[in-house]
Amino acid sequence: MLRVQNLSKRFGGLTAVDNVSFEIEKGQIFGIIGPNGAGKTTLFNLITGNLVADQGEVRFKDQLITGKKPHQIARLGIGRTFQMVKPFGGLTVEQNVMMGALPKHASFADANRAAHDVMGMLGLTPYQNEEARSLPVGLKKKLELARALATQPSLLFLDEVMGGLNPTEVQEMMELIRFLNKENGITICMIEHVMAAVVALCEQIVVIQQGRKIAEGTANEVTSNPAVIEAYLGGEFAHAGA
Ligand SMILES: Nc1ncnc2c1ncn2[C@@H]1O[C@H](COP(=O)(O)OP(=O)(O)OP(=O)(O)O)[C@@H](O)[C@H]1O
Ligand SMILES: [Mg+2]
């Protein structure tokens, strides 16, 4: 469904993404892990058109999307959330979700219906008239997800949607991701530091360190890979197995 080939991005002297290639198959929940500053978010930005790559290409359903603008890529069916949540703070929850829904629908009424479907699914309906900026982090993350879902993606990129959530909220977010994948047929690619969630959800995982892909495989494979333990997981995971 998505093929990333030899993607690179430099910021001055720093190579943030260094010749990275991988492929996401339709229906997968795909994981991207690695230490802080490894280049994971930059990789997302290259795929979704928020940054222009120095090298390499990305194909979505065999169509070259490298060089396209974010809104063009979104229209093709690629959605994303931002690690630094970017709601319009002064707008309500409903208005924020409508911003995602409007470009995809012919009429305001259709967009409104779609926005309400998404809010209902995520449990945001009771907060629809609240200003986005007044929400606690758990609901902000849900709103970020709702905005992405309102664009009706077939492939959804999630950048640390579990960051800052408490264990109950993490559990709930995991169930949501599973539901979106299984029931709504959305292929998912997630960057996540909450390893328990990555291990439980992801069928295939890529590990990034200093811009480079250092491993790829199933949860069992990457969590038992000495290079991955050394670079990212540290001692405790070495004993825990997977
Ligand atoms: N716009 C930019 N200009 C210059 N340097 C940048 C820019 N964006 C990211 N970087 C640098 O590129 C490197 C990769 O950053 P990136 O945000 O992609 O990491 P990450 O893997 O998402 O980290 P985290 O897990 O902390 O979110 C870092 O060293 C970062 O400081
Ligand atoms: Mg990041």
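Just so we're clear, the structure is a prediction, and the values are computed from it rather than from any experiment. (Residues numbered from 1 in each chain as written. Chains lettered and ligands numbered in written order. Predicted model: local features only at pLDDT ≥ 70, side-chain atom pairs only at ≥ 80, totals over all residues. Heavy atoms only, no water.)

Asks: Sorry, what's going on with the overall build of the protein chain here?
Replies: Looking only at helices and strands, the protein chain has nine helices and 10 strands in total. Here the C-alpha atoms of the protein chain give a radius of gyration of 18 Å, agreeing with the 18 Å that 2.2 N^0.38 yields for 242 residues. With the C-alpha coordinates aligned to their principal axes, the bounding extent of the protein chain is approximately 50 × 40 × 35 Å. Counting over 242 residues, the protein chain shows a buried share of 48%. Look at the contacts in the protein chain between residues 6 or more apart in sequence, and 65% of them connect residues 24 or more apart. Charged side chains in the protein chain number 23 positive and 24 negative. The centres of these two groups are separated by 8 Å. (Helix = DSSP H or I, 4+ residues; strand = E, 2+ residues; numbered from the N terminus. Rg over C-alpha atoms; globule rule 2.2 N^0.38 Å. Buried < 20%, exposed > 50% of the residue type's maximum accessible area, 1.4 Å probe, protein only. Contact = heavy atoms within 4.5 Å. Lys, Arg positive; Asp, Glu negative; His and termini not counted. Charge placed at Lys NZ, Arg CZ, Asp CG, Glu CD.)

Asks: Can you help me understand the sheet that holds strand S7 (residues 155-159) in this one?
Replies: Sheet strands associate in pairs through backbone hydrogen bonding, adopting either a parallel or an antiparallel arrangement. Ordered by their spatial adjacency, six strands build an open sheet running S6-S7-S8-S3-S9-S10, and the pairing between neighbours is mixed. The sheet terminates laterally at strand S6 (78-80) and strand S10 (212-217), the two strands that pair on one side only. Shown here is a sheet whose adjacent strand axes are inclined to one another by a mean of 15°, direction ignored. In terms of strand pairing, strand S3 (residues 29-33) meets strand S9 (residues 204-209) through four bridges, oriented parallel. Across the sheet, the residue bridging to Gly31 is Ile205, located in S9. Seen against the sheet, helix H6 (residues 167-182) touches S3, S7 and strand S8 (187-191) and runs at an angle of roughly 150° to S8. (Pairing = 2+ DSSP bridges. Axes fitted to C-alpha atoms, helices over the stretch in contact; angles between N-to-C directions.)

Asks: Explain the coordination of the magnesium ion (ligand 2) to me, please; I cannot follow it from the model alone.
Replies: Tetrahedral coordination by four donors sets the ideal angle at the metal to 109.5 degrees; octahedral coordination by six donors sets it to 90 or 180 degrees. Protein ligation of the magnesium ion (ligand 2) involves Thr41 (OG1) and Gln83 (OE1), the donor distances falling in the range 2.0 to 2.1 Å. A residue pair is termed long-range when its members are at least 10 positions apart, and Thr41 in helix H1 (residues 40-47) and Gln83 in the loop between S6 and helix H3 (93-101) qualify at 42 residues. On the accessibility criterion, Gln83 (27% relative accessible area) is partly exposed. (Donors = N, O, S within 2.8 Å, 3.2 Å for Na, K, Ca; no water.)

Asks: Help me out: how do you make sense of the side chain of Thr42 in this one?
Replies: Along the chain, Thr42 turns up in helix H1. Setting aside anything within four residues of it in sequence, one finds Thr42 in contact with Lys9, Phe11, Ala16, Val17 and Leu51.

Asks: So what exactly am I meant to see when it comes to the pattern of salt bridges here?
Replies: Side-chain pairs of opposite charge can arise whenever the charged atoms involved come near each other. Overall, the coordinates contain eight salt bridges when judged by the stated rule. Between Arg59 and Glu57 there is a salt bridge; the shortest N-O distance is 3.1 Å. Residue class for Arg59 comes out partly exposed when judged on its relative accessible area of 28%. Residue class for Glu57 comes out partly exposed when judged on its relative accessible area of 26%. (Salt bridge = Lys/Arg side-chain N within 4 Å of Asp/Glu carboxyl O.)

Asks: Looking at this structure, I do not really get the environment of Ile65. What am I missing?
Replies: Mapping Ile65 onto the fold places it in the loop between strand S5 (63-64) and helix H2 (70-75). Given a relative accessible area of 1%, Ile65 falls into the buried group. In this structure the C-alpha to C-alpha distance between Ile65 and Met162, which are 97 residues apart in sequence, comes to 28 Å. For Ile65, the residues in contact, after removing those within four places along its chain, are Ile47, Val58, Phe60, Ile73, Leu76 and Ile78.

Asks: What is the right way to look at the environment of Ser134 in this model?
Replies: Note on placement: Ser134 falls in the loop between helix H4 (108-122) and helix H5 (137-149). Residue class for Ser134 comes out partly exposed when judged on its relative accessible area of 45%. Taking the C-alpha atoms as reference, Ser134 lies 16 Å from Gly164; in sequence the two are 30 residues apart. A distance of 2.7 Å separates a polar side-chain atom of Ser134 from the backbone oxygen of Glu131. (Polar contact = N/O pair within 3.5 Å; in protein donor to acceptor, adjacent residues only side chain to side chain.)

Asks: What is the right way to look at the site of ligand 1 in this model?
Replies: Every one of the 14 residues lining ligand 1 counts as a neighbour, but Gly37, Lys40, Thr41, Thr42 and Gln83 are closest to it. The contact in question runs from an oxygen atom of ligand 1 to an N or O atom on the backbone of Gly37, over 2.8 Å. Here an oxygen atom of ligand 1 sits 2.9 Å away from a polar atom, N or O, in the main chain of Gly39. Protein coverage of the free-state accessible area of ligand 1, which is 630 Å², stands at 61%. Looking at the shell around ligand 1, the elements that each hand over two or more residues are strand S2 (14-24) and H1. Per-element accounting of the shell around ligand 1 gives the leading share, three residues, to H1. Of the residues assigned to the shell around ligand 1, the class counts are five nonpolar, seven polar and two charged. (Near = heavy atom within 4 Å. Areas by Shrake-Rupley, 256 points an atom, 1.4 Å probe, with all protein chains shown as cover. Nonpolar A, V, L, I, M, F, W, Y, C, P; charged D, E, K, R; others polar.)

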